[in-house]
Each structure stands twice: as structure tokens, then as C-alpha cells.
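Below, each chain spelled out in residue letters.
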Amino acid sequence: MKKSKYLFVLLLLISISVVLLGGTFFYVKLNNKQSDDSELLVMTSCNPVYLATINVVGDADGVTVQNLSQPTTGCLHDYTLTTEDMKNLSKADVLIVNGGGMEGYLEDVVEAYPNLPIIDTFEAVEEDYPVIIEEEAEEEEDHSHGTSEEHHHDEGANSHIWMSEEIYAGQVQAIADGLAALDSSNASVYASNADTFISVMDSQIDNQGLDETLSGANVAVLHEAFAYTAQSLGANIVATMDLDEERQVSAGEVSDFINAINENNVQVVFAEYDYGHAMGELITEQTDAKVVYLETLVHGDYSGLDYITVLNKNYAVIKNSL
């Protein structure tokens, strides 16, 4: 009798445990589903787009912003998505990209996730903002990476548009508009945050008076991103050599570049240190131009005002070289 009583109690405890565990499982599952349904996961393709997006989203209710993995070396054009990137994209509600050919993997994303909305900021700004069209894009293809396909341009456009604060403001607005179309409940938040961030950019970006100092002056660039820096300052670009880790530069190109600097009385050359340092030393030896090493914003610390900090640093470096 005593044994039967213990067995009954044991079975009762097991039954209660099963019911509780089952209830907990379904409760958690239901809550997770509700959370997943209410949360908007916004993926961004690169650091400049991420910085714009977090400023647009701000504290919008139920919205999370996450950036894809970034290349530790090299340019964004050649970046290949990781397994982790693909996992994150499978959960994303929208992908925001720079566009203009910057994300070489975009076709793979469209093929893998045909229903994933994509906000292309380049498409949004190319008609209304001063996007640079490379007149010699076809010639540059022959010098690029030993292939006939130019990976830096979308129909000859320089896709490093975020380096122009004017165009970047347009990208910020495009992100706000795109997110509002997908998430109407936060539309007013996106619009207000975009206006605020653009106002902060206008008031805090300090070009050190370079728009007067270098207006009409001849400059050269060793990275096509800095064509937008020159444009923002009203400078005239007389020579461009886009350098990266795969760029094979011929002796003839080097000679032409040096000659262009000397013949056009170039005051300053804009370069990116990792790939432009060797060429920069040669320029310093053979010309009177000052070589300044600037940042492209491809990498950063992901803080909200990093865009403004980096641009101001670039302008200060240029100012101090003159």
C-alpha cells in the first residue's frame, strides 16, 4: 500500500512537471513569435550606411539596426558575404545599401532572398545630387585589375558618394523615406531624426575654410573616394589613380601622374595610407605637392557622430598641410 502511494505521488509529480514544461515552452514560443513579428530588423551594407541609418532610426520603437560584416582589408567592392552575413540576412526585414555598384554581392542577395526589400541610396540620389561620372571609366577598365569588367563603377559613376556631405544628406533622407514606407508607425520618428541629423551635420562639419582656400585649385587623388572630397571643396582634379590591394600600376601611369602634378601646379594630393603610401613617397620626392592621407569611412567605431568626426579630421589634415 505504501509503495503504491509513493508511485502515485511520483507519477503525479512527473505529470505536473510535463504540464509546466509544456506550458512554458508554448509560452516562450508564443512570446518569441510575437517579438519577432513586432521587431523590425534593419540590415545595412557598410559603415557609412550604418552610421546614417542609426541616426535615422534613433530610438524608434521596436527597430534594431545591424551592420553586415566588414572587410578588414581591401575595398567594399570585392567583399564576399560570410555565412554569418547570410544568416543575418535571412532574418532581416530590409537591407539598406549604398548602391552604385559598391556592393558587388548584391545580386547574390537578391537571388537568395528575392522578397527582401532593399533601399538603394544611390538610386535615390543620383538624379538630384552631384554624383561624379567618370569620363574615362572605359579607359580605366583596361588598367583596373587585368579584367574587362570595371568593378568600381555603375555605368561610369563613382559610387563613393558618402564622402560628399551634400550627397550623404541625401542618403540620410532616402533612408528615412524608405524606412517610413516599410514602417509607417515610426514614419514621423524617421523624418524628425533625419532632419535633426542633417542639421547637426550642417552645424558641426567644419571644412576649415578649405572651400575658399582650395576653390579652383588643382589637386590629384590616389583613391576615387576623395574625388568627392575635392568636389566638396570646389577643387579641380587634374589626375586620378585609384589604388587598392590588387591594383597593378604601370611605369607609364606613374610617369603620367607625376607629370600631371608638376605641369598643373598641384598643391595637394589626397591619398589613403594603406594603398597610397608608396606612391605618396614618390610624389613627395619628385614634386612640390603635399600628400595628405585621409580616411574613407569604410571602417569606424560605429558611434553615432563618427561620420562628422572623420570628415572634420580629414579637413583638419588637409588644412594643416597647406
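Residues numbered from 1 in each chain as written. Predicted model: local features only at pLDDT ≥ 70, side-chain atom pairs only at ≥ 80, totals over all residues. Heavy atoms only, no water.

Trainee: Before we go on, may I ask you to explain the packing of helix α2 (residues 47-57) against helix α7 (residues 165-182) in this structure?
Mentor: The axes of two packed helices give the description: the angle between them and the distance between them. Look at α2 against α7: their axes get within 9 Å of each other, and the N-to-C directions meet at 55 degrees. On the basis of the axis angle, α2 is oblique to α7. Where α2 crosses over α7, the handedness of that crossing is right-handed. Contact residues: α2 offers Pro48, Val49, Leu51, Ala52, Thr53, Val56 and Val57, while α7 offers Tyr168, Val172, Ile175, Ala176 and Leu179. Residue composition of the contact of α2 with α7, grouped by class: 11 nonpolar, one polar and no charged. (Axes fitted to C-alpha atoms, helices over the stretch in contact; angles between N-to-C directions. Helix = DSSP H or I, 4+ residues; strand = E, 2+ residues; numbered from the N terminus. Parallel < 35°, antiparallel > 145°, perpendicular 65-115°, else oblique. Left-handed = near helix turned anticlockwise from the far one by under 90°. Contact = heavy atoms within 4.5 Å. Nonpolar A, V, L, I, M, F, W, Y, C, P; charged D, E, K, R; others polar.)

Trainee: Help me understand the nonpolar core in this model?
Mentor: General note: in soluble globular proteins, nonpolar side chains tend to be found buried as a group. If you look at the biggest cluster of nonpolar residues, it comprises 63 residues, and the most contacted ones within it are Tyr168, Leu179, Tyr190, Leu214, Phe270 and Ile318. Those residues within four positions of Phe270 in sequence are excluded, and the remaining contacts are Leu214, Val219, Ala220, Val221, Leu222, His223, Phe226, Thr229, Ala230, Val292, Leu294 and Ile318. Formed by 17 residues, the second largest nonpolar core is a distinct cluster that contains Ala220, Leu243, Ile258 and Ala271. (Core = buried A, V, L, I, M, F, W, Y, C linked by side-chain atoms within 4.5 Å. Buried < 20%, exposed > 50% of the residue type's maximum accessible area, 1.4 Å probe, protein only.)

Trainee: I would appreciate a short explanation of the packing of aromatic side chains in the present structure.
Mentor: Geometry of an aromatic ring pair is reported as the spacing of the ring centres plus the angle between the planes. According to the stated counting rule, one finds three aromatic pairs in the structure shown. With a centroid separation of 6.2 Å and an interplanar angle of 75 degrees, the aromatic rings of Tyr79 and Tyr105 are classed as edge-to-face. A residue pair is termed long-range when its members are at least 10 positions apart, and Tyr79 in the loop between β2 (63-67) and α3 (83-91) and Tyr105 in the loop between β3 (94-97) and α4 (106-112) qualify at 26 residues. The exposure classification of Tyr79 matches that of Tyr105, with both residues buried. Measuring from centroid to centroid gives 5.2 Å for Tyr273 and Tyr293, while their planes differ by 75 degrees, and the two rings are edge-to-face. (Phe/Tyr/Trp six-rings, centres within 6.5 Å; stacked < 30°, edge-to-face > 60°.)

Trainee: It is not clear to me how the side chain of Asp85 should be interpreted in this structure. Could you clarify?
Mentor: One can find Asp85 in helix α3. Apart from the residues within four sequence positions on either side, Asp85 is in contact with Leu68, Ser69 and Tyr79.

Trainee: Any chance you could explain the pattern of salt bridges here in plain terms?
Mentor: Note that side chains of opposite charge can pair when their charged atoms are close. The tally for this structure, following the rule as stated, stands at one salt bridge. A salt bridge links Glu295 to Lys313; its shortest N-O distance comes to 2.8 Å. Of the two residues, Glu295 is situated in the loop between β10 (290-293) and α13 (306-321) and Lys313 in helix α13; the sequence distance between them amounts to 18 residues. Residue Lys313 is classed as partly exposed on the basis of its relative accessible area, which comes to 46%. (Salt bridge = Lys/Arg side-chain N within 4 Å of Asp/Glu carboxyl O.)

Trainee: Help me out: how do you make sense of the sheet that holds strand β1 (residues 40-44) in this one?
Mentor: Within a sheet, adjacent strands bond to each other through the backbone by hydrogen bonds, running parallel or antiparallel. If you walk across this open sheet you meet the four strands as β2-β1-β3-β4, and the pairing is parallel. Edge positions in the sheet fall to β2 and β4 (118-120), since each of these pairs with one other strand and no more. Averaged over neighbouring strand pairs, the angle between their axes works out to 20 degrees when direction is ignored. Relative to β2, β1 runs parallel, the two being bridged by five bridges. The residue bridging Thr44 from the neighbouring strand is Asn67, located in β2. Here α3 sits on the sheet and contacts β1, β2 and β3; the angle it forms with β1, its principal contact strand, is near 140 degrees. The strands touched by α7 are β1, β3 and β4; relative to β4, the strand with the most contacts, the crossing angle is about 155 degrees. (Pairing = 2+ DSSP bridges.)

Trainee: In this structure, what is going on with the environment of Ala227? I would like to understand it.
Mentor: Inspection of the secondary structure puts Ala227 in helix α10 (residues 226-233). Separated by 69 residues in the primary sequence, Ala227 and Asn158 place their C-alpha atoms 8.4 Å from one another. In this structure Ala227 touches Ile132, Asn158, Val221 and Ile237, once residues within four positions along its chain are discounted.

Trainee: Whenever I open this one, the pairing of strand β7 (residues 218-221) confuses me. Can you help?
Mentor: Successive residues of a regular strand alternate their side chains across the two faces of the sheet. In β7, alternate side chains face the same way, and those of Asn218 and Ala220 on one face and Val219 and Val221 on the other are all buried. Note: β7 against strand β8 (residues 236-240), four bridges, orientation parallel. Residue pairing across strands places Ala220 opposite Ala239, the latter belonging to β8. In this fold, β7 hands off to α10, which returns the chain to β8; that crossover is right-handed. (Right-handed = clockwise from strand over helix to strand, strands pointing away.)

Trainee: So what exactly am I meant to see when it comes to unusual backbone geometry here?
Mentor: Outside of glycine, negative phi angles account for most residues, and trans bonds account for most peptide bonds. Phi is positive for Gln208, which is not a glycine, with a value near 60 degrees. Mapping Gln208 onto the fold places it in the loop between α8 (187-204) and α9 (210-213). Positioned with a positive phi, Leu297 is a non-glycine residue whose angle comes to about 70 degrees. Summarising the element assignment, Leu297 is placed in the loop between β10 and α13. Overall, the relative accessible area of 2% leaves Leu297 in the buried class.

Trainee: I would appreciate a short explanation of the confidence of the model for the protein chain in the present structure.
Mentor: In regions of low pLDDT, the predicted coordinates are not meant to be interpreted in detail. Looking at the protein chain, the pLDDT average stands at 85 and 79% of residues meet or exceed 70. Ignoring residues within four places in sequence, the model shows residues 18-35, a span with pLDDT below 50, making zero contacts including any to other chains. The low-confidence segment residues 137-154, where pLDDT is below 50, has 38 contacts with residues more than four positions distant or belonging to other chains. (pLDDT = per-residue confidence, 0-100.)

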